[in-house]
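So the chains spell out like this:
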Amino acid sequence: MPLPHFPQILVAAAAVLLSIPVVFCGSPATVLPLERAFPVNHPVQIGALRARDRVRHARVLQGVVGGVVNLPVVGSSDPYQVGLYFTKVKLGSPPREFNVQIDTGSDILWVTCSSCDDCPQTSGLGIKLNFFDAASSSTSGLIACSDPICSSAFQTSATQCASESNQCMYTFQYGDGSGTSGHYVTDALYFDMILGQSLIANSSAPIVFGCSTHQLEDLTKTDKAVDGIFGFGQGDLSVISQLSSRGVTPKVFSHCLKGDGNGGGILVLGEILEPGIVYSPLVPSQPHYNLDMQSIAVNGQVLPIDQAAFATSSNRGTIVDTGTTLAYLVQEAYDPFVSAVTGSVSQLVTPIISKGNQCYLVPNSVSDIFPPATLNFAGGASMVLKPEEYLVHQGVVGGAAMWCIGFQKIQGGITILGDLVLKDKIFVYDLAHQRIGWTNYDCSMSVNVSVTSSKDEYINAGQVRSSSSSRDMLVSLLPIGFAMLLMLHKTMFMEFQFL
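Presented here is a report on the structure given in the accompanying data block. (Residues numbered from 1 in each chain as written. Predicted model: local features only at pLDDT ≥ 70, side-chain atom pairs only at ≥ 80, totals over all residues. Heavy atoms only, no water.)

**Observations regarding the state of the cysteines**
The final tally for this structure, using the stated rule, is 5 disulfides. Here Cys-116 connects covalently by a disulfide to Cys-119, the sulfurs 1.8 Å from one another. Measuring the twist about the S-S bond at about 75°, one finds the Cys-116-Cys-119 disulfide to be right-handed. For Cys-116, a relative accessible area of 5% corresponds to the buried category. The disulfide that involves Cys-256 links it to Cys-443, with 2.0 Å between the sulfurs. Residues Cys-256 and Cys-443 share a disulfide whose torsion about the S-S bond is about -80°; that sign makes it left-handed. Within this pair, whereas Cys-256 is found in strand β14 (residues 252-257), its partner Cys-443 is found in the loop between β32 (435-440) and β33 (447-450), the two being separated by 187 residues in sequence. Neither residue differs from the other here; Cys-256 and Cys-443 are each classed as buried. (Disulfide = S-S within 2.5 Å. Buried < 20%, exposed > 50% of the residue type's maximum accessible area, 1.4 Å probe, protein only. Helix = DSSP H or I, 4+ residues; strand = E, 2+ residues; numbered from the N terminus.)

**With respect to the packing of aromatic side chains**
For the structure shown, the criterion picks out 14 aromatic pairs. On the basis of an interplanar angle of 85° and a centroid distance of 5.5 Å, the ring pair of Phe-337 and Tyr-390 is categorised as edge-to-face. Taken together, the positions of Phe-337 in helix α4 (residues 331-345) and Tyr-390 in the loop between β26 (382-385) and β27 (391-397) put the pair 53 residues apart, joining distant regions of the chain. With a relative accessible area of 1%, Phe-337 lands in the buried category. Judged by its relative accessible area of 0%, Tyr-390 is buried. The structure contains a cluster of three or more aromatic residues connected by ring pairs, namely Phe-230, Phe-232, Phe-253, Tyr-289, Phe-377, Phe-427, Tyr-429 and Trp-438. Stacked on the ring of Tyr-279, the Lys or Arg Arg-435 has its end atom at 3.6 Å from the ring centre. (Phe/Tyr/Trp six-rings, centres within 6.5 Å; stacked < 30°, edge-to-face > 60°. Lys NZ or Arg CZ within 6 Å of the ring centre and 35° of its normal.)

**Considering the nonpolar core**
Counting residues in hydrophobic clusters, the biggest one holds 80 residues, and the most contacted among them are Ile-296, Phe-337, Tyr-360, Phe-370, Tyr-390, Ile-405 and Phe-407. When residues of this core are assigned to their parent elements, the largest contribution, 6 residues, is made by α4. (Core = buried A, V, L, I, M, F, W, Y, C linked by side-chain atoms within 4.5 Å.)

**Description of unusual backbone geometry**
What you tend to see is this: most non-glycine residues have negative phi, and most peptide bonds are trans. Cis geometry marks the peptide bond from Ser-93 to Pro-94; its omega dihedral reads 0°. By the element assignment, Pro-94 lies in the loop between β5 (84-91) and β6 (96-103). Positive phi values are uncommon outside glycine, yet Ser-285 reaches one of about 60°. We note that Asp-424 has phi near 55°; this positive angle belongs to a residue other than glycine.

Laid out in structure tokens, this is it:
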């Protein structure tokens, strides 16, 4: 129900929000909770992260603006912590909270069903696992075989019909032997919506998602178990496609993944605005978020890499994937990259090989010694990487910090830009215009989010307008820890402040 409109009065409503400020401007906005990470309490070595990424890469499946949704981001790219990012969503009536991994490499949102008997019951991430029970939700419904969702052309061969139960079933089989099967359901996704000059708490929109009743292999392990996967791909069944097709959110989403400390960040179903954002077009007709990378430079010097190494084909190219912890370069690019980095610092550090990885014993701060690297893309867009965005800290040896190349070598195949590269940047996936934008950013600071088609309505963080019109509404989520209170404050302008 909408909260009553009380001019000059402070209204508080309970919410669980995280650590990243957001400034919304313009037309209606939809907000979901933002939360912090639960890091594990032991370090994770590069080999373990590489093994996890191999599993993740094998698991990649073969084969109208209304508002803004702000989701909790949990986790970290730090190998001494979680090595993945996940978020919280609320599903069902009454709403139940689920921790789901953020994955731009797949389309479907699925969570574990209460009827699953081979699914993890505990998680090494320190979170309580929840299970979706359709019978306990008053708004839940099964997707029947006759439903257009089950029979439409955008469904893949992974969808089947169980004639005996008339349920639309799915089976996602992954390349490493793991997989999940279950059935599609429809239920309410809950969030807080800012609309005009009112805050509507516990707003919802019906969505279709998967209810997993069976899991195999790695998905059954408890060390990094979560409640499911939140696919942010471009398919018609992805949540961003479902909500944008009904005008609930724009056809764009953004994230800012915090790399230092305990990680966390912000995930917005909407467009983050920042003057420094550069855009590169998506490669058309690809199942993932493919970009046309054209060259790599170290310390301003373009490396001698054949551009054909990055050309997009059925088994080559460059993709952006939040489900990958590290980053992966094809061999033709990896070898000259490591050589250039090593050559530029060999007089200042001690290069060593540790467990097959190129590492360095560093006496001082890596930012004072190592050069920047630049990834250059189509459209003139460049991504500048600080040393901490291509190196991984792996402990101390003989009193010196050991840093290792975080990029991993791939024999042929696809270059993958994972969380190591994506952290500490604003990323905007503008699906309406088929492009991805980014800029370096401190993800503990305020961000500006547009829900209008006109950039003229952009409001800078900290800028206050003495107007009560809805066009000048300013919404800001300020940095904090993790379970917060939602504050609605009406003065000369509207300010929603999450403290």
